[in-house]
Amino acid sequence: MRKIHVIGIGAGDPDQLTLQAVKVLRGTDVFFVLDKGEVKNDLTRLRRDMLDAHLPQGSYRVVEARDPERDRSAGGAAYSPAVGDWRSARAGIYERLIAEELGEDESGAFLVWGDPALYDSTLGILEEVLARGAVAFEYDVVPGISSVSALVARHRVGLNRVARPVQITTGRRLAEGFPEEVDDVVVMLDAHQTFRKYADQDIDIYWGAYIGTPDEILVSGPIAETAGRIERLRAEARERKGWIMDTYLLRRHRGR
C-alpha cells in the first residue's frame, strides 16, 4: 500500500519544522511539489531548501507539476463552484502523481505551508482522489506552525484574551461585517485590505506579510493610524515580488 504524508512546514522559517516533521521527511521517498509559476518560484525554492537542510543528498526524489489556474474573478454565487472546479483539477494532478511517480511500497509527501488543517485544501483533495477509486493509498498528517501562530508570536501578543472568544475568518466574510460577540478576529486570504472598513472604530491591527521569511514585514497599532502604512507597504511588496501572503489580527476594544 502506498503511503502519503501531509506535512505542515510552518509559515516560511525553516526552523519552524517540528522534530516530528523532520523525522517523517527522512522516511519519505518522493516529495510532490506544485509549481505556481515563475512569479512564485521562491516558494518552490524554500521547500527545496528545507529538504536540502535536513536530508542527505540523493536520498529522495522531488517531482514537480504545474498548479492549475483558479478563476479568481469569480464572486458571489460563482465563488464556491470556481473553488470546487480548481480543487477537482488539483485532484486529477494528485491522482496522476501518486499513480505514476510512487511505487507500491514507497512513501510520498506533500509539503503544506503552515498547518494542513487550517485554510489548506490538501486533505480534502486527497479524500476526493480516494473517492474516485483509481488509486489506493493511506495517508497521515503532521501538524505544522500556522501563519496565525507565527503572526502573534512575532508581534508578542496572545491570540485570545481572558474568557474571550477568537474567530478565524476570511477577508470575504469580514467584508460582510465584524463578527458579532467577538472582539478578536484573525483574518486570512484578504486581497482587498478589508480592515480599512473599520478604521473609524477602536480596533488595533497586528499585520504581517511573508511571515518567517527574510522578506517579513510587520505593522501594528490602531487601524486609523496604521492603515495607510500597511496599504503602502503591501503595494510595494506585491510590486517587488509579484505576490504577497499576509495575515492579520484585529483586536476591538470596548469602552477604552
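Owing to the predicted nature of the structure, the values given are computational and were not obtained by experimental measurement.

**Q** Hey, could you run me through the nonpolar core in this one?
**A** General note: in soluble globular proteins, nonpolar side chains tend to be found buried as a group. With 41 residues, the main nonpolar core has Ile-7 and Leu-250 as its most contacted residues. The set of elements that each furnish at least two residues to this core consists of α1 (19–26), α2 (41–54), β4 (107–112), β7 (184–188), β8 (203–209), β9 (217–222), α7 (223–241) and β10 (246–252). Per-element accounting of this core gives the leading share, five residues, to α7. If near-sequence neighbours (up to four positions away) are discounted, Ile-7 is found in contact with Ala-21, Val-24, Leu-25, Ala-109, Phe-110, Leu-111, Val-112, Pro-116 and Val-142. Counting residues in hydrophobic clusters, the runner-up holds 20 residues, among them Phe-32, Val-63, Ala-65 and Leu-102.

**Q** Could you clarify how one ought to interpret the pairing of strand β2 (residues 30–35) in this entry?
**A** Extensive coverage of β2 is indicated by the burial of five of its six residues. One ladder, built from six bridges, connects β2 with strand β3 (residues 61–66); its direction is parallel. When the bridges of β3 are listed, Asp-35 appears paired with Arg-66. In terms of strand pairing, β2 meets β4 through three bridges, oriented parallel. Bridge pairing in β4 places Phe-32 opposite Phe-110.

**Q** Explain the sheet that holds β8 here, please?
**A** Note on sheets: strands pair through backbone hydrogen bonds, and any given pair is parallel or antiparallel. Here we have five strands laid out as an open sheet, ordered β6-β7-β10-β8-β9, and mixed in their pairing. Strand pairing shows two members of the sheet lacking a second neighbour, β6 (166–170) and β9, which therefore form its edges. When strand polarity is set aside, the average angle formed by the axes of neighbouring strands in this sheet is 15°. Lying on the sheet, helix α5 (residues 147–155) is in contact with β7, β8, β9 and β10; it crosses β8 at an angle near 110°.

**Q** Sorry, what's going on with the side chain of Arg-234 here?
**A** Mapping Arg-234 onto the fold places it in helix α7. We classify Arg-234 as buried; its relative accessible area is 8%. Other than its neighbours up to four places away in sequence, Arg-234 contacts Asp-190, Ala-191, Gln-193, Trp-207, Ile-244 and Asp-246.

Scoring rules and cut-offs
- Sequence order as written defines the numbering, with residues in each chain counted from 1.
- Selection of residues for local features in this predicted model requires a pLDDT of at least 70, selection of side-chain atom pairs for listing and counting requires 80 or more, and totals for whole chains, interfaces and linings are taken over all residues.
- The basis for every side-chain value is the complete set of heavy atoms in the structure, and neither hydrogens nor water enter the calculation.
- Among buried residues, those of type Ala, Val, Leu, Ile, Met, Phe, Trp, Tyr and Cys that are joined through side-chain atoms within 4.5 Å constitute a nonpolar core.
- Type-normalised accessible area, obtained with a 1.4 Å probe on protein chains alone, sets the label of each residue: buried when under 20%, exposed when over 50%, and partly exposed for intermediate values.
- Strands here mean DSSP runs of E at least two residues long; helices mean DSSP runs of H or I at least four residues long; both are numbered from the N terminus.
- Throughout, a contact is declared for two residues whenever any of their heavy atoms are within 4.5 Å.
- For two strands to count as paired, DSSP must find a minimum of two bridges between them.
- An axis is simply a line fitted to the C-alpha atoms; with a helix, the fit covers only the stretch in contact. Between two such axes, the angle follows the N-to-C directions and lies from 0 to 180 degrees.

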